[in-house]
Amino acid sequence: MQCEEVRPRLDAYLDGELAEAESTLFRGHLESCPDCGPEIAALERLRDGIRRAAPDYRAPAELRSRIRFALRRETAANPSWGLRAPGWLAYAASLLLAVAVGSGGTRLITNESQENTMPTR
Ligand SMILES: [Zn+2]
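To keep things clear, this report deals only with the structure shown in the data block.

A closer look at the coordination of the zinc ion
Distances from the zinc ion to its protein donors, Cys-3 (SG), His-29 (NE2), Cys-33 (SG) and Cys-36 (SG), fall within 2.0 to 2.3 Å. If you look at the zinc ion, its four donor atoms make angles of 103 to 116° with each other, and the shape they trace is tetrahedral. All donor residues of the zinc ion come from one chain, and their arrangement in sequence is C-x25-H-x3-C-x2-C. Cys-36 carries the same exposure label as His-29, and that label is buried.

Structure, rendered in structure tokens:
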């Protein structure tokens, strides 16, 4: 497996979205590659840090795949730019949106329950 195949899908690997056989190939590459190994370690630290800070916020799978699709189109248009940071960007963008969606959803739920507790007469 080559770095060029691994890099655009590091986030999918981290999210456990790859098939078992592919995931094994990824793990093999990440353990032996001096470039991708540190990158996945950094991504894992970022993910864990953000999960600790905001454990309840997670974008719907459909939204995340739409973001990933948009970013892939972007990196395909700018290959040199894409090789440097596709995993980081895709992950950061989906997390930002997850937080935005999550807090919006929480506010909606909060408003609704406040209305429910208000006296009806
Ligand atoms: Zn590599």
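Regarding the pattern of salt bridges
Under the counting rule described, the total for this entry stands at nine salt bridges. For the salt bridge of Glu-17 with Arg-68, the shortest nitrogen-to-oxygen distance reads 2.7 Å. Placement of Glu-17 in the loop between α2 (10-14) and α3 (20-32) and of Arg-68 in helix α5 (residues 61-77) is noted, with a sequence separation of 51 residues between them. The exposure class of Glu-17 is partly exposed, given its relative accessible area of 41%. Taking relative accessible area as the criterion, Arg-68 reaches 9% and is therefore assigned buried. With a closest N to O distance of 4.0 Å, Arg-27 and Glu-20 form a salt bridge. The class of Arg-27 is partly exposed, set by a relative accessible area of 34%.

Details of the environment of Asp-11
Within the secondary structure, Asp-11 is located in helix α2. Accessibility expressed as a relative area gives 2% for Asp-11, which makes it buried. Residues contacting Asp-11, with those up to four places away along its chain left out, are Arg-68, Ala-90 and Tyr-91. Among the polar contacts listed, one links the side chain of Asp-11 to the side chain of Arg-68, at a separation of 2.6 Å.

Looking at the nonpolar core
Side chains of nonpolar character tend, in soluble globular proteins, to be buried together. Membership of the largest hydrophobic core comes to 14 residues, with the highest contact counts inside it found for Val-6, Leu-10, Tyr-13, Phe-26, Leu-30 and Ile-40. Residue assignment for this core shows that the elements contributing at least two residues are α2, α3, α4 (36-53) and α7 (86-117). Broken down by element, the residue count for this core peaks at four residues, all from α2.

Conventions used here
Residues numbered from 1 in each chain as written. Predicted model: local features only at pLDDT ≥ 70, side-chain atom pairs only at ≥ 80, totals over all residues. Heavy atoms only, no water. Donors = N, O, S within 2.8 Å, 3.2 Å for Na, K, Ca; no water. Tetrahedral: all angles 85-135°; square planar, octahedral: opposite > 155°, others 65-115°. Buried < 20%, exposed > 50% of the residue type's maximum accessible area, 1.4 Å probe, protein only. Salt bridge = Lys/Arg side-chain N within 4 Å of Asp/Glu carboxyl O. Helix = DSSP H or I, 4+ residues; strand = E, 2+ residues; numbered from the N terminus. Contact = heavy atoms within 4.5 Å. Polar contact = N/O pair within 3.5 Å; in protein donor to acceptor, adjacent residues only side chain to side chain. Core = buried A, V, L, I, M, F, W, Y, C linked by side-chain atoms within 4.5 Å.

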